[in-house]
Amino acid sequence: MIKEQVEERQTIDIKKLLKSALKLGSSDLHLVVGSEPQIRIDKELKPLKLDKLTSKDIDNIANSLIKEKQKKEFEEHNELDFSFTLDNVGRFRANFYKTRDGTACAFRMIPMDVPTLDEFGNNPIFKELIKKEKGLILVTGPTGSGKSTTLASMLHEINLTERKHIITIEDPVEFVHKNINCLFSQRNVGSDTKSFAAAIKYALRQDPDIILIGEMRDAETIGAALTAAETGHLVFGTLHTNSAPGTINRIIDVFDSAKKDQIRAQLSSSLVAVIAQSLIPRIGSGKVATQEIMISNAAISNLIREDKVHQIYSQMQLNQNETGMRTQTQELIELLQKKIITKANAIQNSNRVDEIINVIHNL
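Residues numbered from 1 in each chain as written. Predicted model: local features only at pLDDT ≥ 70, side-chain atom pairs only at ≥ 80, totals over all residues. Heavy atoms only, no water.

**Student:** Tell me what's going on with the overall build of the protein chain, and back it up with residues and numbers.
**Tutor:** In terms of helices and strands, the protein chain carries 15 helices and 13 strands. By its C-alpha atoms, the protein chain is 65 × 55 × 40 Å across when sized along the principal axes. Within the protein chain, the fraction of its 363 residues that count as buried is 49%. Pairs at least 24 residues apart make up 57% of the contacts formed inside the protein chain by residues separated by at least 6 positions. Carbon and sulfur atoms make up 46% of the accessible area of the protein chain, which totals about 18,300 Å². Taken together, the 47 basic and 47 acidic charged side chains of the protein chain have centroids lying 2 Å from each other. (Helix = DSSP H or I, 4+ residues; strand = E, 2+ residues; numbered from the N terminus. Buried < 20%, exposed > 50% of the residue type's maximum accessible area, 1.4 Å probe, protein only. Contact = heavy atoms within 4.5 Å. Areas by Shrake-Rupley, 256 points an atom, 1.4 Å probe, with all protein chains shown as cover. Lys, Arg positive; Asp, Glu negative; His and termini not counted. Charge placed at Lys NZ, Arg CZ, Asp CG, Glu CD.)

Structure below.
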């Protein structure tokens, strides 16, 4: 148990609670009726030594953070996503939801300062990818894998080195970018625009150089993203997929059979790269990222067009010194050899379990 001293039960100060959660190095804070507040550190939930929360406690916290329009939305849908900044504390993404016992809240910590690409040891090739004038760059992975952080770092690098108009479409806006060399237009789906697809459509009339799509959820959004990438814009997006080839299949499978050939053709011509990311617990404490990198070339474009996605993984393993591509298995093996992660965590987080087991057996 993590000790937090409380003299007596009183109205919970969410600002102090979030400040404590940040100080303890947590990534998330959870408030659920009938439980103490709990924080997540290195993928593990840890309860704070505070009173168990009542429905009234959480309702008071929730109402203190949202406006009337958001309250009505929450009452209507029983779900609410938004982000906010607390002065002298930090920035947070929040989700309110209803349970059988009342309202519950989940808060994700967002760094106030946008990290650089070098800060987390991202692959140097990322600095080459962001110099592209047009095309589609995807950063994928499960929830909590650091996709938003990687994308924010890429946009920050562009902000430091180029003069571009960057439109971000997010639900909600997470990292807040300052206009250094670039001009940022950051839009919240729901409050600033009706939907991802609508925002992309109108973005093409707003003279952007770069468009960030927070989540490519459906056929309409993906179709709009591909069109934007084809028409001379550099488009960044995310999907909840675990591997680079799996990302391509997911995009194609979203569409009806009659449209699949067209989508393959669009994807083969516009795709720049797929970065499939995951976060794995370090030995001791903390987490480390693995990044499978697929960079489109003539061979991969042809495999996408001809519906031979299953052959892409083999193509990724060829001439890697020249192509800059990496597989997740290679990343995991390097981390194992450096004694940064355990074999158990390598296997548990692998998207090719048989392959990693065979390699580990031969180490």
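**Student:** Quick one: what's the story with the nonpolar core, residue by residue and with numbers?
**Tutor:** One finds Met154, Phe236, Ile248, Leu267, Leu271, Met294 and Ile312 to be the most contacted residues of the largest nonpolar core, which totals 60 residues. If you tally residues by element for this core, the top one is helix 7 (residues 219-230), at six residues. If we ignore the near neighbours within four places in the chain, the residues touching Leu267 are Leu136, Leu226, Ile248, Ile251, Ile252 and Ile304. Grouped together as the second largest cluster of nonpolar side chains are 28 residues, Ile58, Ala62, Ile66 and Phe84 included. (Core = buried A, V, L, I, M, F, W, Y, C linked by side-chain atoms within 4.5 Å.)

**Student:** Residue-level account of helix 10 (residues 298-305), with values.
**Tutor:** Looking at helix 10, one finds that the buried residues are Ile300, Ser301, Leu303 and Ile304. Projected onto a plane normal to the axis of helix 10, the buried residues spread over an arc of 160° and lie on a single side. Those residues of helix 10 that are buried are in contact with helix 8 (244-253), helix 9 (257-270), strand 12 (271-281), strand 13 (287-295) and helix 11 (312-316). Its side-chain oxygen 3.2 Å from the backbone nitrogen of Ala299, Asn297 forms the N-cap of helix 10. Where helix 10 ends, the next residue or the one after it, Asp307, has phi of about 60°, a positive value. (Arc of directions from axis to C-beta. Polar contact = N/O pair within 3.5 Å; in protein donor to acceptor, adjacent residues only side chain to side chain.)

**Student:** Describe unusual backbone geometry, naming the residues involved and giving the relevant values.
**Tutor:** With the exception of glycine, the majority of residues adopt a negative phi angle, and the majority of peptide bonds are in the trans configuration. Following Asp171, the chain continues into Pro172 via a peptide bond in cis, with omega recorded as 0°. One non-glycine residue with positive phi stands out, namely Asn319, at about 50°. Within the fold, Asn319 resides in the loop between helix 11 and helix 12 (320-323).

**Student:** Which residues make up the side chain of Glu174, and what values do they have?
**Tutor:** Locating Glu174 in the fold gives a position in the loop between strand 8 (165-170) and strand 9 (183-188). Judged by relative accessible area, which is 11%, Glu174 ranks as buried. Looking at Glu174, its side chain comes within polar contact range of the side chain of Arg93, at 2.6 Å. Separated by 3.4 Å, the side chains of Glu174 and Ser148 make a polar contact. With sequence-adjacent residues up to four places away left out, Glu174 is seen in contact with Arg91, Arg93, Ile110 and Ser148.

**Student:** Mind laying out the sheet that holds strand 1 (residues 28-31), listing which residues take part and the relevant values?
**Tutor:** Spatial strand order, 3-2-1-6-5-4: six strands in an open sheet with antiparallel pairing. Strands at the two margins of the open sheet, each flanked by one partner only, are strand 3 (44-47) and strand 4 (79-86). The average undirected angle you get between the axes of adjacent strands in this sheet is 25°. (Pairing = 2+ DSSP bridges. Axes fitted to C-alpha atoms, helices over the stretch in contact; angles between N-to-C directions.)

**Student:** Go over the sheet that holds strand 7 (residues 135-140) with me, naming the residues and quoting the values.
**Tutor:** Pairing between the strands of a sheet comes from backbone hydrogen bonds, and it takes one of two forms, parallel or antiparallel. In spatial order, the strands read 9-8-10-11-7-12-13; together these seven strands make up an open sheet with mixed pairing. Edge positions in the sheet fall to strand 9 and strand 13, since each of these pairs with one other strand and no more. When strand polarity is set aside, the average angle formed by the axes of neighbouring strands in this sheet is 15°. Across the sheet, helix 6 (residues 196-203) lies against strand 8, strand 9 and strand 10 (210-213), angled at about 165° from strand 8, the strand it touches most.

**Student:** Please give an account of the packing of aromatic side chains that cites residues and values.
**Tutor:** The tally for this structure, following the rule as stated, stands at six aromatic pairs. Taken together, a centroid distance of 5.1 Å and an interplanar angle of 85° make the contact between Phe82 and Phe96 edge-to-face. In this pair, Phe82 is assigned in strand 4 and Phe96 in strand 5 (residues 90-99), connecting sequence segments 14 residues apart. Residue class for Phe82 comes out buried when judged on its relative accessible area of 5%. The cationic tip of Arg352 hangs over the ring face of Tyr313; the distance from NZ or CZ to the ring centre is 3.4 Å. (Phe/Tyr/Trp six-rings, centres within 6.5 Å; stacked < 30°, edge-to-face > 60°. Lys NZ or Arg CZ within 6 Å of the ring centre and 35° of its normal.)

**Student:** Residue-level account of the side chain of Arg91, with values.
**Tutor:** Relative to the helices and strands, Arg91 resides in strand 5. Buried charge without a partner: Arg91 forms no salt bridge, and the closest opposite charge is Glu170, 7.4 Å away. At a separation of 3.0 Å, a polar atom in the side chain of Arg91 contacts the side chain of Ser83. One polar contact links the side chain of Arg91 to the main-chain carbonyl oxygen of Val173, over a distance of 2.9 Å. (Salt bridge = Lys/Arg side-chain N within 4 Å of Asp/Glu carboxyl O.)

**Student:** Tell me about the pattern of salt bridges, residues and numbers included.
**Tutor:** Tallying each qualifying case throughout the model produces 16 salt bridges. As a salt-bridge pair, Glu44 and Lys46 come within 4.0 Å of each other at their nearest N and O atoms. What makes Glu44 partly exposed here is its relative accessible area of 46%. Judged by its relative accessible area of 26%, Lys46 falls in the partly exposed class. Among the ionic pairs, Asp171 bridges to Arg217, the shortest N-O distance being 2.9 Å. Here Arg217 lies in the loop between strand 10 and helix 7 and Asp171 lies in the loop between strand 8 and strand 9, a separation of 46 residues in the sequence. On the basis of relative accessibility, which here comes to 26%, the residue Asp171 falls in the partly exposed class. One salt-bridge network, held together by shared partners, links Glu133, Glu162 and Lys164.

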